[in-house]
Amino acid sequence: MNYALIGCGRIATSFEIPGVLKRTDIARIVAVCDLDSNRVDNARSMVEKSYNDGSKVDGYRDYKELIARKDIDAVMICVPDFWHALIVTTAILSGKAVWLQKPFTQTINE
């Protein structure tokens, strides 16, 4: 499966990325996304160094552009709670499998 990561902060780089990298037999990170370009660069570098095969990981600032890619099977959403509902709904409606840090929403209306 081709995975993408939305949100490249401390938790993502300490737990989620290393978790996926342990299972290169079934999953490959192909793209990362964060509003902070430094975090994008850090996550891209971390993944590319781990693969050590010359492959490149694409970086995005806009999660909608990342989700629109047809070659991405699943997304890991690692953003602050108040963004969860919007991003996960966009991903699901785009046909992506989703791994999401809790909570799914903050309110009943969401």
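Look up a bit, the structure's there.
Before going into details, it helps to say that this report is about the structure given with it. (Residues numbered from 1 in each chain as written. Predicted model: local features only at pLDDT ≥ 70, side-chain atom pairs only at ≥ 80, totals over all residues. Heavy atoms only, no water.)

1. As for the nonpolar core
1) Next: In terms of nonpolar packing, the biggest core is built from 18 residues, with Leu5, Ile17, Ile29, Val32 and Val47 touching the most fellow members.
2) Next: For this core, the elements supplying multiple residues, two or more each, are strand 1 (2–6), helix 1 (10–21), strand 2 (28–33), helix 2 (37–51) and strand 4 (74–77).
3) Next: Excluding anything up to four places from it in sequence, Leu5 contacts Ala12, Glu16, Ile17, Ala31, Val32, Cys33, Leu66, Met76 and Cys78.
4) Next: Counting 16 residues, the second largest nonpolar core, distinct from the first, contains Tyr60, Ile67, Ile72 and Ala91. (Core = buried A, V, L, I, M, F, W, Y, C linked by side-chain atoms within 4.5 Å. Buried < 20%, exposed > 50% of the residue type's maximum accessible area, 1.4 Å probe, protein only. Helix = DSSP H or I, 4+ residues; strand = E, 2+ residues; numbered from the N terminus. Contact = heavy atoms within 4.5 Å.)

2. Comments concerning the packing of aromatic side chains
1) Next: Considering all chains together, one arrives at zero aromatic pairs under this definition.
2) Next: Directly above the aromatic system of Tyr51 lies the positively charged group of Arg28, at a separation of 3.8 Å from the ring centroid. (Phe/Tyr/Trp six-rings, centres within 6.5 Å; stacked < 30°, edge-to-face > 60°. Lys NZ or Arg CZ within 6 Å of the ring centre and 35° of its normal.)

3. Observations regarding the pattern of salt bridges
Working definition: two side chains of opposite charge can pair if their charged atoms are close together.
1) Next: Tallied over the full model, the rule gives four salt bridges.
2) Next: Among the salt bridges present, the one from Arg23 reaches Asp25, with a minimum N-O distance of 2.9 Å.
3) Next: Accessibility expressed as a relative area gives 40% for Arg23, which makes it partly exposed.
4) Next: Classification of Asp25 by relative accessible area gives exposed; the value is 56%.
5) Next: The closest approach of N and O atoms between Arg28 and Asp53, which form a salt bridge, is 2.9 Å. With a gap of 25 residues between them, Arg28 in strand 2 and Asp53 in the loop between helix 2 and strand 3 (58–60) connect regions that are remote in the sequence. (Salt bridge = Lys/Arg side-chain N within 4 Å of Asp/Glu carboxyl O.)

4. Examining the environment of Asp36
1) Next: Checked against the element boundaries, Asp36 lands in the loop between strand 2 and helix 2.
2) Next: Sequence separation of Asp36 and Thr90 is 54 residues, and the distance between their C-alpha atoms is 21 Å.

5. Let's talk about helix 4 (residues 84–93)
1) Next: Those residues of helix 4 lying buried are His84, Ala85, Ile87, Val88 and Ala91.
2) Next: Just beyond helix 4, the residue with positive phi is Gly95, at close to 85 degrees.

6. What to know about the side chain of Glu16
1) Next: If you trace the backbone, Glu16 turns up in helix 1.
2) Next: Of the buried charged residues, Glu16 lacks a salt bridge, with Arg10 as the closest side chain of opposite charge at 8.8 Å.
3) Next: Apart from the residues within four sequence positions on either side, Glu16 is in contact with Leu5, Ile11, Met76, Cys78, Trp99 and Gln101. (Lys, Arg positive; Asp, Glu negative; His and termini not counted.)

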